[in-house]
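Listed below, chain by chain, are the residues.
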Amino acid sequence: MTKGWQEFYKGIHHKKESGQQKMPEKIRTRFAPSPTGFLHIGGARTALFNWLYARHNDGQFILRIEDTDQVRSTAESTGAILNALLWLGLNWDEGPFFQTERGEIYREAVERFVDEGKAYYCICTPEELEEKRKRALAERRKPRYDGTCRERDLARTAGSAVRFRCPQAGITIVNDLIRGPISFNNEELDDLVIERCDGWPTYNFAVVVDDVQMDITHVIRGDDHLSNTPRQILLYEAMGAAVPQFAHVPMILGADKARLSKRHGATSVTAYREMGYLPEALVNYLVRLGWSHGDQEIFSKEELIHLFTLEAVGKSAAVFNPEKLLWLNQRYIKTYPEERLVDTMKPFWEMRGLDTSDREFTGKIVADLRGRVKTLTEMADAGEFYFNDAIVYDSDAAEKFLKPEFTGHLRAVMEKVPLLQDYTKNGIEGFLRELAEERGVKLKSIAQPLRVALTGKTVSPGIDEVMITLGKERVVKRLKRALEHIESQNL
RNA sequence: GCCCUCAUCGUCUAGUGGUCUAGGACAUCAGCCUUUCAAGCUGGAGAUCAGGGGUUCGAAUCCCCUUGGGGGCACCA
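Keep in mind that what you see is a predicted model, and the values were worked out from it rather than measured.

To continue, consider the overall build of chain A. Of the regular secondary structure elements, chain A holds 19 helices and 12 strands. Taken against the 2.2 N^0.38 rule, which gives 23 Å for 491 residues, the C-alpha radius of gyration of chain A at 31 Å runs more than 25% over that of a compact globule. Reported as C-alpha extents along the three principal axes, the dimensions of chain A are approximately 100 × 55 × 40 Å. Expressed as a percentage of the 491 residues in chain A, the buried residues total 49%. Total accessible area on chain A is roughly 23800 Å²; 51% of this is exposed by carbon and sulfur atoms. Across chain A, the mean location of the 69 positive side-chain charges is 3 Å away from that of the 73 negative side-chain charges.

Below, the discussion takes up the pattern of salt bridges. Opposite charge on two side chains allows them to pair when their charged atoms are near. Evaluated as defined, the whole model comprises 40 salt bridges. In this structure, Arg64 engages Glu66 in a salt bridge whose closest nitrogen and oxygen atoms are separated by 2.9 Å. One salt-bridge network, held together by shared partners, links Arg30, Arg64, Glu66, Arg102, Asp210 and Asp211.

With that settled, the discussion passes to the side chain of Gln448. In this structure, Gln448 sits in helix H18 (residues 443–455). Here Gln448 falls in the buried class, since its relative accessible area comes to 17%. Once residues lying within four places of it in the same chain are set aside, the contact partners of Gln448 are Phe401 and Thr458.

Attention now goes to the layout of surface pockets. The calculated volume of the largest pocket comes to roughly 1200 Å³. The wall of the largest pocket is formed by 37 residues, among which Ala32, Pro33, Ser34, Asp224 and His225 lie closest to the centre. For the lining of the largest pocket, the secondary structure elements donating two or more residues are strand S1 (28–31), helix H2 (41–56), helix H6 (203–213) and strand S9 (218–222). Broken down by element, the residue count for the lining of the largest pocket peaks at 5 residues, all from H2. Taken together, the residues of the lining of the largest pocket break down into 14 nonpolar, 13 polar and 10 charged. There is about 800 Å³ of room inside the second largest pocket. In terms of lining, the second largest pocket is formed by 25 residues, of which the most central are Arg133, Pro143, Arg144, Tyr145 and Asp190.

Here chain A averages 92 in pLDDT, and 95% of its residues register 70 or above. Overall, residues 1–23 carries pLDDT values under 50, and its contacts beyond four positions in sequence, including any with other chains, amount to 35 contacts. Both confidence scores are given for the complex: pTM 0.92, ipTM 0.95.

This part is about the protein's contact with RNA strand B. As a matter of local geometry, RNA strand B sits amid 69 residues, with Cys124, Arg140, Arg196, Gly290 and Arg372 nearest to it. Expressed as a percentage, the sugar and phosphate content of the atoms of RNA strand B within 4 Å of the protein is 73%. One of the side-chain nitrogen or oxygen atoms of Glu188 is found 3.5 Å away from a sugar or linking oxygen of RNA strand B. Considered class by class, the residues forming the surface near RNA strand B number 23 nonpolar, 18 polar and 28 charged.

Across the 6 residues that make up strand S2 (residues 60–65), a large majority, 6, are buried. Burial of S2 is two-sided: the residues Gln60, Ile62 and Arg64 facing one way and the residues Phe61, Leu63 and Ile65 facing the other way are all buried. Traced from S1 through H2 to S2, the parallel crossover comes out right-handed. Bridge analysis of S2 against strand S3 (residues 94–98) gives 3 bridges, and the strand direction is parallel. In the strand pairing of S3, Ile65 is matched with Phe98. Handedness of the crossover is the feature at issue here: the chain leaves S2, passes through helix H3 (residues 75–88), returns alongside S3, and the resulting connection is right-handed.

Reading across the sheet, the 3 strands line up as S4-S5-S8 and stay open at both edges, with antiparallel pairing between neighbours. Lying at the two open borders of the sheet, with one neighbouring strand each, are strand S4 (119–122) and strand S8 (193–195). For this sheet, the mean inter-axis angle between neighbouring strands, taken without regard to orientation, is 45°. Where S4 meets strand S5 (residues 161–164), 4 bridges bridge the pair, whose relative direction is antiparallel. Following the sheet pairing, Tyr121 is matched in S5 by Val162. Running at roughly 125° to S8, helix H4 (residues 103–115) makes contact with S4, S5 and S8 of the sheet.

Moving on: the environment of Leu52. Checked against the element boundaries, Leu52 lands in helix H2. Each C-alpha atom, one on Leu52 and one on Leu90, is 8.8 Å from the other, the two residues being 38 residues apart in sequence. Setting aside chain neighbours within four positions, we find Leu52 in contact with Val287, Leu304, Ile305 and Phe308.

With that out of the way, let us pick up the packing of aromatic side chains. Considering all chains together, one arrives at 14 aromatic pairs under this definition. Aromatic ring contacts, followed pair by pair, group Trp349, Phe361, Phe385, Tyr386 and Phe387 into a single cluster. Looking at Lys301, its charged tip hangs above the ring of Trp51, at a distance of 5.8 Å from the centre. Positioned above the aromatic ring of Phe361 is the side chain of Arg474, whose terminal nitrogen or guanidinium carbon lies 4.2 Å from the ring centre.

The rules behind the values
Each chain carries its own residue numbering, running from 1 in the direction its sequence is written. Going through the entries in the order they are written, you letter the chains from A and number the ligands from 1. In keeping with the predicted nature of the model, local features appear solely for residues at pLDDT of at least 70, side-chain atom pairs appear and are counted solely at 80 or more, and the whole-chain, interface and lining totals rest on all residues. With hydrogens and water stripped out, all remaining heavy atoms of the structure feed into the side-chain values. Helical segments are the DSSP runs of H or I of at least four residues, strand segments are the runs of E of at least two, and each set is numbered from the N terminus. Restricting the calculation to C-alpha atoms gives the radius of gyration, and the globule rule supplies 2.2 Å times the number of residues raised to the power 0.38. The buried label applies to any residue whose accessible area, calculated with a 1.4 Å probe on protein chains only, is under 20% of its type's maximum; exposed applies above 50%, and partly exposed to all values in between. In these tables, accessible area is a Shrake-Rupley quantity obtained with a 1.4 Å probe, and a residue counts as shielded only by the protein chains included in the view. His residues and chain termini do not enter the charge count, which takes Lys and Arg as positive and Asp and Glu as negative. Note on charges: their place is set at NZ of Lys, CZ of Arg, CG of Asp or CD of Glu. Think of a salt bridge as a Lys or Arg side-chain nitrogen and an Asp or Glu carboxyl oxygen that are within 4 Å of each other. Any two residues whose heavy atoms approach within 4.5 Å at even a single point are treated as in contact. Here a cavity denotes a set of grid points, spaced 1 Å apart and computed over the protein atoms alone, in which a 1.4 Å probe fits but from which it cannot get out, and a pocket denotes an open set meeting protein on both sides within 12 Å along at least five of seven lines; residues with an atom within 4 Å of a point are reported as lining. Grid points are joined across faces, edges and corners, and a volume is the space filled by probe spheres set on the points. In this count, Pro and Cys sit with the nonpolar residues alongside Ala, Val, Leu, Ile, Met, Phe, Trp and Tyr, while Asp, Glu, Lys and Arg are called charged and the others, Gly among them, polar. Summary of the metric used: pLDDT quantifies the predictor's per-residue confidence within the range 0 to 100. Nearness here has a simple test: a residue counts as near a molecule or strand if at least one of its heavy atoms is within 4 Å of that partner. Any pair of N or O atoms that falls within 3.5 Å is considered a polar contact. Within protein, one atom must be able to donate a hydrogen and the other to accept it, and sequence-neighbouring residues count only if both atoms are side-chain atoms. The handedness of a crossover follows from its direction of travel: if, with the strands pointing away from the viewer, the path from the first strand over the helix to the second runs clockwise, the crossover is right-handed. Pairing between strands is defined by DSSP: at least two bridges between them are needed. Axis geometry follows a simple rule: fit a line to the C-alpha atoms, using only the stretch in contact for helices, then measure angles between N-to-C directions, giving values from 0 to 180 degrees. When the centres of two rings from Phe, Tyr and Trp lie within 6.5 Å, Trp using its six-membered ring, the rings pair. Their planes under 30 degrees apart give stacked, over 60 give edge-to-face, and anything left gives tilted. Our definition puts a charge over a ring when NZ of Lys or CZ of Arg is within 6 Å of the ring centre and also within 35 degrees of the ring normal.

Below you can see the structure in the form of structure tokens.
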């Protein structure tokens, strides 16, 4: 793990509103991703719920990176995940903590378990285990460790692992905040490995050790972890630690009701960012997947913090619906603070090699377009024509509207624009209407050729808005060029 | 196979025994508006509340079964 990342992100903390004293039972939640890829939509929602729950209760949100899988964990993933969280506005109060930096803590915990007889060394090889597992499945039994080494009282050796001595009878009840009490038969559980032969702890053990040590009071996570919970509870109890509250949120599915994955399309937060989604829109969409507040659809972050409770989280899995997200994004683009929207747009145009240094100009462009696009990339595409007077005409559009029959209209506009006194939306519209009347044609026959001349396309913001944003000079220049184009096509 | 879990319009959901001939939103359809495209506005269609049994004067709401979906069953997290 690269130190640079860790140091950088450790500085980012949630600012305390005031210095009020907190009682020890202060609520503490955490998000604990494993850095084996980008931040997934489902992970983002889990993080969001944890964050909201902490903020709602004036508690703390802790970030922990579960990177004990040395093979699959990468520093790039860690960076991508942290950036995605920050982009969504999910700031953390403590961390990020890296499990690979906490090896000592787990080793001590394991040692204590062994000393107290709560765990034992196991020398079964992965191959043997795999074979037994297959056999069990073939014989239609639930695969579980058969306890070969349980009573052998082995000592630590080169390839040995450590297993938890799991109670073999009785029941364990998970009191889930979303689903209510769920009971598991301890017979279903087996002696899980808590320390691998490489010396690192396994997931189930590390989470428990960490959650205890970090004073996590509420574990909010995907319900794919539900069946891990009883064995974790057993570990808490073996440690003599308080068991936290659990809340298992339902999964997010694809359109075919299968677990959401790449084949359903974009599933990473970063991908949505790149596709031109606003973080507020994504947050709003994600929170409504499983959580609701009456009929309300649009929520500001402040409202969410105020309204969010676990009681209002549903139990059933939700299908990810990109179209509704798109609708929300459109709404947010429409209502976003102007300055922020202009800032957010900048990189999208710069990526296309366009010059965004004239902020007043880009501001006008954004104002023209924000009401008619669903994403920022769409806005970038739709606004590209503003930046270069040497526009490329869409071939169908030019064929239809850059024809000699419109030359007169275009020339008239070109000649009169510099003389216009009232160069405003109303003024321009009035001018065009008058001109249409004068020339005995419908407004449309002037507006469309004009649109193509100025934008290169038949689809654009209102022609009056385009003219204002472009300014008289550019308008004249583009009209001149269009007229030349018509001429050159009809020699 | 075993264990756990979920089940209201295509989708997200409201609904916690009577106010439900089930509400909202996205998508969809039609109309209006109109200088293009959107947006906006108005209206429509769309769920016998998975199916079957109970409990109750009364059930989308409570119980049971069935079916279907999802998750888990690693020295991955």
